[in-house]
Amino acid sequence: MIGAGAAGFCSALAAHELGVEVFVLERDSIPRGSTALSAGLIPAAGTRFQTAMGISDNPALFAADLKRKAHDQADPALVDLVAQQAGLTVEWLADGYGLPFSIVHDFDYPGHSARRMHGLPSRSGVELIDRLRQAADQRGIPLVVNATVSALYADAEHAVRGVEITRRDGTRDSLGCDALILACNGYGGAPDLVARHIPEMRHGLYFGHPGNLGDAVLWGGELGAKLKHLSGYQGHGSVAHPHGILISWAVIMEGGFQVNKNGERFSDETLGYSEQAAIVLAQPDGIAFDVFDERIAAIARQFADFRQAEASGAVIEAPTPALLAARLNVPQPELAQSFAEIEEARRTGAPDRFGRSFIGAAPLAPPFEAVKVTGALFHTQGGLAVDRAARVLDTNGKPLPNIFAAGGAAAGVSGPRANGYLSGNGLLTATVLGRVAGQTAAALVKQRTLASG
Ligand SMILES: Cc1cc2nc3c(=O)[nH]c(=O)nc-3n(C[C@H](O)[C@H](O)[C@H](O)COP(=O)(O)OP(=O)(O)OC[C@H]3O[C@@H](n4cnc5c(N)ncnc54)[C@H](O)[C@@H]3O)c2cc1C
């Protein structure tokens, strides 16, 4: 497999379980990928972790949430697959490889009708990728680092027979293969591809892994693969600026709000953090402030990123809205008006002027807190069209002979726009499709080995 992120390691572990020889090829010296930049949260329905917390959920409910968020533009067969298999995949990682998942149980993610985000103790993707790498190490799966795959060797039927690897010093090697899994994420790190396919983010910060340069879609295009939903992406409207640290959307979902530099609110923030990226970037200077309070900060502190933001001085505190306005350098009357507006919505239960409901939210109480944020592109959601077996499809919908894709290399389940991204869709397709790709590729290799005697 190409790429040592969540998708690459899940596919490697699954293929290795079936007894085939596996190599993971990775451009970097230490596997990190966008997986390490994430909070490491995987949505899954009907797991024993949910049952233990008394959370009622099931794959059908999860599939309905995915379809609704993607405005029915995602492939329904793929949605059903990932919704059905996410629970199995999380339990497979927990039981087979010792990943100690627990549920994020103290706030709701937008669009999820049950609490189903599964994370590791630090709530960080570094822990996820490190644990996956250790699991692969322990099973003796070879990881070849500093190995950029620079070309694929394919025959006339578009079956891949091997890959070219370019080393740091420019030397090149070749490696043969019976099947190839593309787990090298999308094209968020390729400004020309972003400008072409996602023009609204061409001037936005790219907050994903810089090594994700679109190789999967470029190779796939050459091999006649169908490329799908290339305008789809995961954005985020809450990256601390200029610190460059993700601020969990918990600060909003628990009753916080965003204002622009004029102290004014500008949206219903609860629709989703992904679409909020472009909305924040459209504000003066592309800047907003997350405004919340100490109770909410205590919830956000479960995330390593938030703790780091506090340590870096990104979180500003004040005892009154007026002092907060002064510390943020935003106009005091407008910020006071924004506080009054959401308090009114909370008290009356009527939606605010953007349609956001504050029913059930606790009133914001001193000390108040705020973080200056901007919008960013996290990763692309379009990519190679795959079927339920993670086989890459050609433009006629027929599987290519031996190429599979998972994670950001494959077209995801978010449809063609940022507002189709349901929280967790990234690691959902990285882990579930990764495992499926590993299983299917291994089955193909074994079948061919048997056939050749
Ligand atoms: C800040 C941030 C927060 C996020 N939070 C979440 C979250 O909480 N939950 C969630 O579901 N999703 C989240 N995401 C999205 C999620 O991180 C990605 O969708 C997921 O990690 C993709 O996994 P992957 O294995 O496909 O790619 P990656 O983890 O990016 O791995 C791809 C690997 O391929 C390597 N590679 C690329 N090209 C080549 C090549 N030619 N040769 C060799 N190697 C190559 C790269 O170096 C990289 O290591 C977040 C993303 C970001 C940026």
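Computed from a predicted model, the values in this text were never measured in an experiment. (Residues numbered from 1 in each chain as written. Predicted model: local features only at pLDDT ≥ 70, side-chain atom pairs only at ≥ 80, totals over all residues. Heavy atoms only, no water.)

### Observations regarding the sheet that holds strand β7 (residues 160-166)
With respect to topology, three strands assemble into an open sheet ordered β6-β7-β8, the strand pairing being antiparallel. Edge positions in the sheet fall to β6 (148-154) and β8 (172-176), since each of these pairs with one other strand and no more. In this sheet, neighbouring strand axes are inclined to one another by 25° on average, regardless of whether the strands run parallel or antiparallel. For β6 and β7, the ladder comprises six bridges, and the chain directions are antiparallel. Pairing of Ala-151 across the sheet is with Glu-164, part of β7. (Pairing = 2+ DSSP bridges. Helix = DSSP H or I, 4+ residues; strand = E, 2+ residues; numbered from the N terminus. Axes fitted to C-alpha atoms, helices over the stretch in contact; angles between N-to-C directions.)

### Brief notes about helix α4 (residues 59-69)
Within the span of α4, buried status applies to Phe-62, Ala-63, Asp-65, Leu-66 and Lys-69. Seen along its axis, α4 keeps its buried residues to an arc of 160°; they face one direction. Facing away from the buried side of α4, by more than 90 degrees, are the exposed residues Ala-60 and Arg-68. Packing partners of the buried residues in α4 comprise β2 (42-43), α5 (76-97), α10 (273-281) and α15 (425-451). Taking the backbone nitrogen of Ala-60 as reference, a side-chain oxygen 3.0 Å away marks Asn-58 as the first, capping residue of α4. Phi turns positive one or two residues past the end of α4, at His-71, with a value near 50°. (Buried < 20%, exposed > 50% of the residue type's maximum accessible area, 1.4 Å probe, protein only. Arc of directions from axis to C-beta. Contact = heavy atoms within 4.5 Å. Polar contact = N/O pair within 3.5 Å; in protein donor to acceptor, adjacent residues only side chain to side chain.)

### A look at the site of the ligand
Surrounding the ligand, one finds 41 residues, the nearest of these being Glu-26, Ser-34, Thr-35, Asp-215 and Leu-427. Taking Thr-35, its side chain carries an N or O atom lying 2.5 Å from an oxygen atom of the ligand. In this structure, an oxygen atom belonging to the ligand sits 3.0 Å away from a side-chain N or O atom of Asn-212. The protein chains hide 98% of the 1,000 Å² of surface that the ligand would expose on its own. For the shell around the ligand, the elements supplying multiple residues, two or more each, are α1 (6-17), α2 (33-37), β6, α8 (215-222), β17 (368-380) and α15. The greatest single-element share of the shell around the ligand, amounting to four residues, is contributed by α2. Its residues placed into classes, the shell around the ligand shows 18 nonpolar, 19 polar and four charged. (Near = heavy atom within 4 Å. Areas by Shrake-Rupley, 256 points an atom, 1.4 Å probe, with all protein chains shown as cover. Nonpolar A, V, L, I, M, F, W, Y, C, P; charged D, E, K, R; others polar.)

### Focus on the nonpolar core
Core analysis: the largest hydrophobic core is formed by 90 residues, its most contacted members being Ile-2, Leu-66, Phe-101, Leu-132, Leu-152 and Leu-182. Residue contacts for Leu-132: discarding those within four places in its chain leaves Ala-6, Phe-9, Cys-10, Leu-13, Leu-93 and Leu-99. Counting residues in hydrophobic clusters, the runner-up holds 49 residues, among them Tyr-109, Ala-297, Ala-318 and Leu-364. (Core = buried A, V, L, I, M, F, W, Y, C linked by side-chain atoms within 4.5 Å.)

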